Amino acid sequence: MSKIKIVEVGPRDGLQNEKEQFSPAARVQLIEKLVKAGLKNIEAGAFVHPKWVPQMQGSDKVLRALHKRQDEGKISKSVRFPVLVPNARGLEDALKVKPKEISIFGASSEGFSKRNINCTIAESFQRFEKVMEIAKANKLKVRGYLSTVFGCPYDGRVPEKRVLKLIEKMLKLGVYEVSLGDTIGVATPRQVSRLLEEVVTQFGAEGIAMHFHDTRGTALANVLESLEYGITIFDSSVASLGGCPYATGASGNLATEDLVYMLEGMRIKTGVKVEELIKIRAWLEKRILRRLPSHVGQAGLPLPGTLN
Ligand code: HMG
Ligand code: MG
């Protein structure tokens, strides 16, 4: 395996769960730093209800500013800035600032679906159909998330058969990629291999992304296991920011610098500079005023040559 796609979710998944609210201008600053580090897919915000997730207010301003920088040639037009959209109302709001890519997000468990987007799984798919219709008319690329694929904070175990059916439903809607979320960071490599064995047999590995949270320290091990199944797309968050406001106990995503360090050490190209990510973590800590938990961020890089 030689090429990996990293979807940086820090400015969305990360910041949505921080008490410290970042202004749209500060979020743009963060995203520019992530672009400088070499990230090419950066989730830039969410068009959700501000009462539910106030941290994502002003996502329109963020997207507008990023597009302006792309028009001015300050950011390459090849960098993608997907945004989360839960329903038609969210998409109508997003369309005012012309996104090129959106992500719909559903769950594999009823308890999480209700708490996160205030509807059943079946109702969420009805909403997604409307979103897809509008997205197709506007020629948008659409990514699909499925949360709680390895376990739910409200319902506990999630049957694999259900996850497989929901992946099929997502793909039938027309999403180009499905990201499987370990929302509360419970998965171990054994669970990952059990699910991926079926997923890859039924759908292939190409359009499947893995979205690990590092709550119990198993995220990198789960990435290694996923690589065995041919998965090449991973979501991660700089400095391991993040979690989910509707999943008690969810901690940060897998840290982007930990992911990049491990992959590059395995001679798997990412195109991302770990040194830049370490600087971003320091920048974030000054604003958030708490220690951010990424391993590589805390330890720094080893002396040159150590890795050979
Ligand atoms: P609701 O209250 O059920 O919505 O919220 P509603 O359709 O009943 O409408 C109620 C009011 O909200 C109406 O306004 C609507 O216009 C308005 P009123 O008539 O009362 O003035 N409304 C909206 N306003 C702004 N933006 C919208 C919107 N939709 C309706 N999009 C809703 C439903 C989905 C909006 C709400 O539950 C919500 O915003 N939830 C946020 C969920 C969220 O952002 N969660 C975190 C992201 S998911 C995640 O982190 C997991 C992931 O990382 C993967 C993983 O780790 O597993 C992706
Ligand atoms: Mg998440």
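Let me sum up the structure you'll find in this document. Since we're looking at a predicted model, the values are computed, not measured.

About the cut-offs
Every residue gets a number counted from 1 within its own chain, in the order that chain's sequence is written. Starting at A for chains and at 1 for ligands, labels are handed out in the order in which the entities are written. Local features are withheld for residues below a pLDDT of 70 in this predicted model, meaning they are given only at 70 or higher, and side-chain atom pairs are given and counted only at 80 or more; totals for whole chains, interfaces and linings count all residues. No hydrogens and no water enter the side-chain calculation; it runs on all heavy atoms of the structure. Buried and open spaces are told apart on a 1 Å grid over the protein atoms alone, a cavity being a set of points where a 1.4 Å probe fits but cannot get out and a pocket being an open set with protein on both sides within 12 Å along at least five of seven lines. Residues with an atom within 4 Å of a point are the lining residues. Grid points are joined across faces, edges and corners, and a volume is the space filled by probe spheres set on the points. Only DSSP runs of H or I reaching four residues or more are called helices, and only runs of E reaching two or more are called strands; each is numbered from the N terminus. Three residue categories are used. Nonpolar comprises Ala, Val, Leu, Ile, Met, Phe, Trp, Tyr, Cys and Pro, charged comprises Asp, Glu, Lys and Arg, and polar comprises the others, including Gly. Only heavy atoms are used to decide nearness, and a residue is near a molecule or strand if one of them lies within 4 Å of it. In protein, a polar contact means a hydrogen-donor-capable atom and an acceptor-capable atom, both N or O and within 3.5 Å, with residues adjacent in sequence counting only if both atoms are side-chain atoms; elsewhere, any N or O pair within 3.5 Å suffices. Shrake-Rupley sampling with a 1.4 Å probe provides the accessible areas, and residues are treated as covered by the protein chains on show and by no other component. Those molecules having more than half of their atoms within 2 Å of a cavity or pocket grid point set are described as sitting in that cavity or pocket.

What follows covers the layout of surface pockets. One number sums up the size of the largest pocket: a volume of about 820 Å³. Taken together, 40 residues line the largest pocket, and the ones lying closest to its centre are F47, V48, H49, P86 and F105. At the level of secondary structure, the elements contributing two or more residues to the lining of the largest pocket comprise α1 (10–14), α3 (59–71), α4 (88–95), α5 (110–117) and β5 (141–147). In terms of residue class, the lining of the largest pocket is built from 17 nonpolar, 15 polar and eight charged. By volume, the second largest pocket amounts to about 220 Å³. Along the walls of the second largest pocket sit 14 residues, with Y261, E264, G265, L301 and L307 positioned nearest its centre. Looking at the lining of the second largest pocket, the elements with two or more residues in it are α10 (256–265) and α11 (274–288). It is α10 that provides the largest number of residues to the lining of the second largest pocket, a total of three residues. Residues that form the lining of the second largest pocket fall into these classes: seven nonpolar, four polar and three charged.

This part is about the site of ligand 1. The full set close to ligand 1 counts 25 residues, and Q16, N116, N118, S147 and T183 are the nearest of them. The backbone of H49 places a nitrogen or oxygen atom 2.8 Å from an oxygen atom of ligand 1. Take N118: an N or O atom from its side chain is 2.7 Å from an oxygen atom of ligand 1. Coverage of ligand 1 by the protein chains reaches 75% of its 1,100 Å² of free accessible surface. Spatially, ligand 1 is embedded in the largest pocket. For the shell around ligand 1, the secondary-structure elements that each account for two or more residues are α1, α4, α5 and β5.

Keep in mind that these numbers describe shape and distance, not what the molecule does.
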